[in-house]
Amino acid sequence: MSTTETISGPISDLTLEEAHFFARVAAKTHAADDVVLLTLRHQDGEDLPPWRPGAHIDLVLSNGLTRQYSLCGDPADRSSYVVGVLNAPNSRGGSRFVHESLATGDSVTVRGPRNHFRLVDAPSYLFVAGGIGITPIAAMIREVQQQGKPWTLVYGGRTLSSMAFRDELTAYGTRTTLWPQDQKGIIDLPTALGSPDCHTAVYTCGPEPLLAAVEAICAEKWPSGSLHLERFTAKKVDTAHDVAFEIELATSGVRLTVPADKSVLSVLEEAGTRILSSCGEGTCGTCETTVIEGTIDHRDSVLTLEEKAENSCMMVCVSRATCPVLVLDL
Ligand code: FES
């Protein structure tokens, strides 16, 4: 079942439409130390919305939290979604709830899927995954393997037993290099990324230090556009020098001030203009909004460098302006 939600506000009427449906947890299985796989099926037995590798869904949990998880099952299987959930030591309540309270048979609301980490068509692929970052990468690997394209994977984790999908991935032989930190230390990225190649797409997902290191090497050595990455946690942004600016809503001409200590999203919501949002920290892409005029100060972890350079859309939960007025397509 999908739902259209219409919300009226004093400044603009906006029809918000995003598919969501009720699902049941059909299975909850151990995938690795502190990692469970949830298999979700539509509550009414309907086919689930189609998805491609790199997509994620929102799980709206009964404890009131909404969390994003990458789909890591088989896109051809429309009867179920599979997500991997790490019981992170720094959990803010979502993954802990999934591990400790969510049980087979329970109901959850699912929103999405959305995909800001799409698998581009490339002659070959180099995947670098860390920890639970393997979840979108595993789905990508199955797809490129089916396509018969060359690929390699370097996959790091704290220990071998903490690494989900390791049996499946090692079955691919020398294409996969497992890198358990307790045995081999941190991934040797200079070597893994040591052969820049304009025909190879680099995909990475994992903890921030890994992503930052891959980004730095690719920026220095790889052709522009080679790197595709997905962050699970927001990049740190220095907000100490933020200043106020204005936004103009193109359909009504209304101007609103965004103070230095508020986001565009919160100003819009306070003014009655509801925007679909989820993570609130620039990692999920839900609040993407088209910008008609003005220069964006991109602070999200979703758009690629090329997409940011286009200056045509922004994540209003975190991004700001480097000009006095941003005109939004609202
Ligand atoms: S709400 Fe997730 S990117 Fe803005």
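**Q** Tell me about a negative patch on the surface, and please be specific about residues and values.
**A** Taken together, the side chains of E288, E306, E307 and E310 make up a negatively charged region of the molecular surface. Considering the arrangement of structural elements, one finds E306 in helix α8 (residues 305–310). Residue classification places E306 among the partly exposed residues on the basis of a relative accessible area of 35%.

**Q** Which residues make up the side chain of T204, and what values go with them?
**A** By secondary structure assignment, the location of T204 is in strand β12 (residues 200–205). Given a relative accessible area of 0%, T204 falls into the buried group. If we skip the residues at most four places from it in the chain, T204 touches F117, V128, I137, L210, L211, V214, L227, H228, L229 and E230.

**Q** Please give an account of the pattern of salt bridges that cites residues and values.
**A** This model, assessed by the stated rule, comprises 14 salt bridges. When the shortest N-O distance is used, the salt bridge between D242 and R320 registers 3.8 Å. With D242 in the loop between β13 (227–230) and β14 (245–249) and R320 in strand β19 (residues 320–321), this pair connects stretches of sequence that are 78 residues apart. The shortest N-O distance in the salt bridge between R255 and E246 comes to 3.2 Å. Among the residues examined, E246 registers a relative accessible area of 27% and is labelled partly exposed. One connected set of salt bridges, linked through shared partners, spans D242, D297, R299 and R320.

**Q** How would you sum up the layout of surface pockets? Please name residues and give values.
**A** For the second largest pocket, the calculated volume is near 650 Å³. Taken together, 27 residues line the second largest pocket, and the ones lying closest to its centre are L227, H228, T304, L305 and E306. Within the residue set of the lining of the second largest pocket, elements represented by two or more residues are α6 (208–221), β13 and α8. At four residues, the largest contribution of residues to the lining of the second largest pocket is made by α8. Residues that form the lining of the second largest pocket fall into these classes: eleven nonpolar, seven polar and nine charged. When residues of the lining of the second largest pocket are sorted by domain, at least three fall in each of domain 2 (124–230) and domain 3 (245–328).

How each quantity is defined
Residues numbered from 1 in each chain as written. Predicted model: local features only at pLDDT ≥ 70, side-chain atom pairs only at ≥ 80, totals over all residues. Heavy atoms only, no water. Patch = residues over 30% accessible without salt bridge, like charges linked within 9 Å, V, L, I, M, F, W, Y side chains within 5 Å. Areas by Shrake-Rupley, 256 points an atom, 1.4 Å probe, with all protein chains shown as cover. Salt bridge = Lys/Arg side-chain N within 4 Å of Asp/Glu carboxyl O. Lys, Arg positive; Asp, Glu negative; His and termini not counted. Charge placed at Lys NZ, Arg CZ, Asp CG, Glu CD. Helix = DSSP H or I, 4+ residues; strand = E, 2+ residues; numbered from the N terminus. Buried < 20%, exposed > 50% of the residue type's maximum accessible area, 1.4 Å probe, protein only. Contact = heavy atoms within 4.5 Å. 1 Å grid on protein atoms, 1.4 Å probe; cavity = no way out; pocket = protein on both sides within 12 Å on 5 of 7 lines; lining within 4 Å. Points joined across faces, edges and corners; volume = space filled by probe spheres on them. Nonpolar A, V, L, I, M, F, W, Y, C, P; charged D, E, K, R; others polar. Domains from an automatic or database assignment.

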